[in-house]
Amino acid sequence: MYVFNMGTQLSIDELLNSEEHHADPYPLWKRMRHEAPVFFDKKLNAWLLTRYEDCVEAFSNHTDFSNQLYSKTLGVVFGPTMLDKDGHEHVVQRRIVAPEFVGKRFEPYYEAIERNARNLINEFPDDGVVDLVNSFTTRLPVNVIVDMLGMDQSDHERFHDWYTTMMAGLSVKDLLESQFSSEKQNLGVLAHQQLAEYVAPIIEDRKSCPVGDLISKIVHAEAEGQKLTLTEIQAFISLLLVAGGETTDKGIANMWTQLLLNPEQLDAVLDDQDLFDAAFSEMMRHSPPVPGQLRYAVNEVTFSGVTIPANQAVYIQLASANNDETVFSDPRSFKIDRDDLHLSKERKMGHHGDEGRYGHLGFGLGKHFCLGYEMARVEAVMGSTLLCEKMKNPRLAPGADTAFIMKSGTRSPKEVLIEYDQA
Ligand code: HEM
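Residues numbered from 1 in each chain as written. Predicted model: local features only at pLDDT ≥ 70, side-chain atom pairs only at ≥ 80, totals over all residues.

Caption draft 1: Representation of the overall build of the protein. Check the secondary structure of the protein and you find 19 helices and twelve strands. On C-alpha atoms alone, the protein measures out to a radius of gyration of 21 Å, which is about the 22 Å that the 2.2 N^0.38 rule sets for 423 residues. Along the first, second and third principal axes, the C-alpha atoms of the protein reach 65 × 55 × 45 Å. Of all 423 residues assigned to the protein, the portion counted as buried reaches 44%. Nonlocal contacts in the protein, meaning residues at least 24 apart in sequence, comprise 69% of its contacts between residues at least 6 apart. (Helix = DSSP H or I, 4+ residues; strand = E, 2+ residues; numbered from the N terminus. Rg over C-alpha atoms; globule rule 2.2 N^0.38 Å. Buried ≥ 20, exposed ≤ 12 C-beta atoms within 10 Å, placed from the backbone. Contact = placed C-beta atoms within 7 Å.)

Okay, here's the thing in structure tokens:
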């Protein structure tokens, strides 16, 4: 049951655009789940869904919803990818590459994760203060992807710049507020073109001389007799950087921030580092790095008794769903021993876990469920275990700014300042 105490207050419209909401969206989402769970945001020109069951339904409904809006954000910057495809076309594109990112086929890449994490950690001082964001989280995911692709280590910096510029060109806000092509978007397009030119000869080379890296595998992979074209591979590489870089970066930062803000939970994890796995799941529920996903309603759809007409943008506020008090008790508390959350590897189609445990929606759900869910988890858990080898008694540094910031469709703190002793 949704219970919310309404005093005298500003309207939802006013609050949606307030600084207060940008600083902490959870109180307003709570009010919306109770008062207006299906809300048309005039400024954004999109319907906002905030209840868990509604978000699950929207993610799982591949008949009335399309992913075509991505062709106006990601598609403009790096061309068509699986993310903006629907139906059979999406299934085939995904099947070509997906096997490389899970299970036995993904295990060989663990070594790249460990090596790149160690390289970054080796640069840390023996003791003192480190900003985990600057020194670790913004670097690790991109370095790992570049490494997996078989690119030269000396090009890490270039890839980092390309991906940051592409990321900046993908604003959901720009897309929904108007259809113009912004300066940032133009720069994003340019960054993709540079990256595409750089990888083109490597892709050609791997066709005749495969060397066991991810590009060699993608070049030769096929499903239903289809392979990715050169343009599709170039777009997929950009998608990997954008979808797997910023997100995992923020995921590790969010997990450490919540642990540092909850010292008793951090102590439990430091005592038993296997618990990083549960901490990752709880982070994905409590503070998901990607708080919402867009869909386009091609038909009329009804949620919580409200009918959304056809041809409308719908914003699935998964972070609100993850904090729905009718599903997760005391949702704003970060607890790695929850008995209402499915606490290990995610399930693509299953939001209802066993024994009353529910899945978080941090990786989405259904056919577009995150391709890199295993990779993100391994990077966060292995990376954090290696960080603990270096940092004894990690704690929040005095004066650390732990405020979460909403930017380019992600939510995370700008820094994670950790003070630690010599191991
Ligand atoms: C904590 C880190 C991550 C988060 C929070 C995250 C989040 C998401 C979400 C919410 C979706 C669903 C999109 C939708 O339904 O429209 C998604 C899809 C996707 N993710 Fe991730 N992701 C993460 C890490 C990664 C990594 C490491 C990769 C690299 C392989 C990756 C690649 C993708 C791709 C390619 C898709 C599109 C899948 C499809 O359209 O079928 N993600 N991700």
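Caption draft 2: Broad picture of the sheet that holds strand β9 (residues 391-396). Strand order in the open sheet made by the three strands is β4-β12-β9, with antiparallel pairing throughout. Each edge of the open sheet is held by one strand with a lone partner, namely β4 (128-131) and β9. Within this sheet the neighbouring strands show an average axis-to-axis angle of 35 degrees, counted without direction. Bridge count between β4 and strand β12 (residues 417-422): four bridges; the pairing is antiparallel. Across the sheet, residue Asp 131 finds its bridge partner in β12, namely Leu 417. (Pairing = 2+ DSSP bridges. Axes fitted to C-alpha atoms, helices over the stretch in contact; angles between N-to-C directions.)

Caption draft 3: Highlighting the environment of Glu 57. Within the fold, Glu 57 resides in helix α4 (residues 52-60). Given 19 C-beta atoms within a 10 Å radius, Glu 57 is considered partly exposed. Sequence spacing of Glu 57 and Thr 307 is 250 residues, and the spatial spacing of their C-alpha atoms is 14 Å.

Caption draft 4: Summary view of helix α3 (residues 26-35). Of all the residues in α3, the buried ones are Leu 28, Trp 29, Lys 30, Met 32 and Arg 33. Considering only its buried residues, α3 is in contact with α1 (12-16), α2 (19-23), β1 (38-41), β2 (46-49) and α18 (318-321).

Caption draft 5: View of the sheet that holds strand β8 (residues 312-316). On the basis of which strands lie adjacent, the open sheet formed by five strands has the order β1-β2-β8-β5-β3 and mixed pairing. What marks the edges here is a single partner per strand, and that holds for β1 and β3 (65-66). Running at roughly 125 degrees to β8, α4 makes contact with β1, β2, β3, β5 (293-297) and β8 of the sheet.

Caption draft 6: Broad picture of the packing of helix α10 (residues 140-149) against helix α15 (residues 230-261). Axis separation between α10 and α15 bottoms out at 8 Å; the angle between their running directions is 150 degrees. As judged from the angle between their axes, α10 and α15 are roughly antiparallel. As for how α10 packs across α15, the hand of that crossing is right-handed. Here Pro 141, Val 142, Ile 145 and Leu 149 of α10 lie close against α15, whose contacting residues are Ile 237, Leu 240, Leu 241, Gly 244, Gly 245, Thr 248 and Asp 249. When its residues are assigned to classes, the contact of α10 with α15 shows seven nonpolar, three polar and one charged. (Parallel < 35°, antiparallel > 145°, perpendicular 65-115°, else oblique. Left-handed = near helix turned anticlockwise from the far one by under 90°. Nonpolar A, V, L, I, M, F, W, Y, C, P; charged D, E, K, R; others polar.)

Caption draft 7: Region of the structure containing the nonpolar core. Counting residues in each nonpolar core, the largest one holds 107 residues, and the members touching the most others are Leu 49, Cys 55, Met 166, Phe 236, Leu 239 and Ala 279. The element best represented in this core is α15, accounting for 15 residues. (Core = buried A, V, L, I, M, F, W, Y, C linked by C-beta atoms within 7 Å.)

Caption draft 8: View of the pairing of β8. The pairing of β2 with β8 spans three bridges and is parallel. Bridging from a neighbouring strand, Leu 48 pairs with Tyr 315 of β8. Pairing between β5 and β8: five bridges, direction antiparallel. The residue of β8 that forms the bridge with Arg 295 is Val 314.

Caption draft 9: A look at the pairing of β1. Pairing of β1 with β2, which is carried by four bridges, proceeds in the antiparallel orientation. Note that in β2 the partner of Val 38 across the bridge is Leu 49. Two successive antiparallel strands, β1 and β2, enclose a turn made up of four residues, where Asn 45 displays a positive phi of approximately 60 degrees.

Caption draft 10: Structural detail: unusual backbone geometry. Positive phi, normally seen in glycine, also occurs at Glu 224, with a value near 50 degrees. Among the structural elements, Glu 224 can be located in the loop between α14 (214-220) and α15. What makes Glu 224 exposed here is the crowd of 9 C-beta atoms within 10 Å. Backbone geometry at Ser 304 places phi at a positive 45 degrees, although glycine is not the residue there. Inspection of the secondary structure assignment puts Ser 304 in the loop between β6 (301-303) and β7 (306-308).

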